[in-house]
Amino acid sequence: MVRKREKSLPTSNAQRPTAVIGVLALQGDFDAHRRRLEELGAKVLLIKKSEQLEDIDGLVIPGGESGTFLNLLGDEGFKKLKQFARLKPTFGTCAGAILLATDVENPKQAGLGAIDMAIRRNAYGRQVDSSIREGLLGKSPLEMVFIRAPKISRVGAEVEVLATEGKDPVAVRQGSAMAATFHPELSDDTRVHKAFLDLVTGASHTSVRGFAR
Ligand code: GLN
């Protein structure tokens, strides 16, 4: 991985400043993300008001109910979040992934459009309300916890598939927006959050378009 040092960084101190990651804390599964990110050395801010978006380097939108998120955000919150996701690294899991999509189905609802994909809510049916499966992150096995999960039914040409389960893409990235239809915060494996933190540090230290590898 090529690390470019930005001119404005203090040269006497080779250490990177700690990234400040916001976790949207309107509802849902935000605390497990907070714990995981802190475990990985990030400073975490629980985001309850859109003004707080100014204080963070990246944002996690957790699982929950995407329709409820939309209601709680309101038009103004939605607009601010959309703007944020265009400018800074944003990672959505499950309901958060649904929010980041361009097209949402079952039923149709608004998406922030940060990732060019269509996503179908509650796509595994009632019998499979939740399940733990093994998928692949790149080429290596990864435990994946699915809870009333959506399925990504289309990805645009600019979208990179990071993880699959069976034939389905389950984690994707476009620019500095990343989404997973499962809950990496509920497994012990920290690689998915690490990948997001790499995206954040990469993006704030260079004008990176993709993952720092
Ligand atoms: N079923 C939820 C939705 O459609 C997502 C579930 C989750 O985030 N675990 O928004």
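Since the model is a prediction, treat every value here as computed from it, not as a measurement.

**Thoughts on the sheet that holds strand 9 (residues 151-155)**
Two pairing modes exist for strands in a sheet, parallel and antiparallel, and in both the strands are linked by backbone hydrogen bonds.
Stage number 1. Strand order in this open sheet of three strands is 5-6-9, and the pairing throughout is mixed. Every other strand in the sheet has two partners, leaving strand 5 (101-105) and strand 9 as the edge strands with one partner each. For this sheet the average axis-to-axis angle between neighbouring strands, irrespective of direction, equals 25°.
Stage number 2. Pairing between strand 6 (residues 115-120) and strand 9: four bridges, direction antiparallel. Opposite Arg120, over in strand 9, you have Lys151 as the bridge partner.

**A few points about the site of the ligand**
Stage number 1. The ligand sits among Gly63, Gly64, Glu65, Ser66, Cys94, Ala95, Ile98, Arg121, Asn122, Ile147 and Arg148.
Stage number 2. Among the residues forming the shell around the ligand, the class breakdown is four nonpolar, four polar and three charged.

**Considering the confidence of the model for the protein**
Stage number 1. Of all residues in the protein, 87% have pLDDT values of 70 or greater, and the mean over the chain is 90.
Stage number 2. Per-residue pLDDT stays below 50 along residues 4-14; that stretch engages in three contacts with residues further than four places along the chain or on separate chains.
Stage number 3. Confidence drops under pLDDT 50 across residues 204-213; counting only partners more than four residues distant or on other chains, this segment forms 18 contacts.

**Quick look at the pairing of strand 1 (residues 20-24)**
Stage number 1. Most of strand 1 is tucked away, with four of its five residues classed as buried.
Stage number 2. Inspection of the sheet shows strand 1 paired to strand 2 (residues 43-47) by five bridges, in the parallel sense. By the bridge assignment, Leu24 is partnered in strand 2 with Ile47.
Stage number 3. Here strand 1 pairs with strand 3 (residues 58-61) via three bridges, running parallel. Across the sheet, the residue bridging to Val23 is Val60, located in strand 3.

**Thoughts on helix 2 (residues 66-87)**
Stage number 1. For helix 2, built from 22 residues, the straight-helix expectation of 32 Å at 1.5 Å per residue is missed by more than 12%, its first-to-last C-alpha distance being only 22 Å.
Stage number 2. The largest bend along helix 2 reaches roughly 100° and is located at Gly74.
Stage number 3. Three or more residues of helix 2 are buried, namely Ser66, Phe69, Leu73, Leu81, Phe84 and Ala85.

Cut-off values and rules
Residues numbered from 1 in each chain as written. Predicted model: local features only at pLDDT ≥ 70, side-chain atom pairs only at ≥ 80, totals over all residues. Pairing = 2+ DSSP bridges. Helix = DSSP H or I, 4+ residues; strand = E, 2+ residues; numbered from the N terminus. Axes fitted to C-alpha atoms, helices over the stretch in contact; angles between N-to-C directions. Near = placed C-beta within 6 Å. Nonpolar A, V, L, I, M, F, W, Y, C, P; charged D, E, K, R; others polar. pLDDT = per-residue confidence, 0-100. Contact = placed C-beta atoms within 7 Å. Buried ≥ 20, exposed ≤ 12 C-beta atoms within 10 Å, placed from the backbone. Expected span 1.5 Å × (residues − 1). Bend = angle between axes of the 7 residues up to and from the residue.

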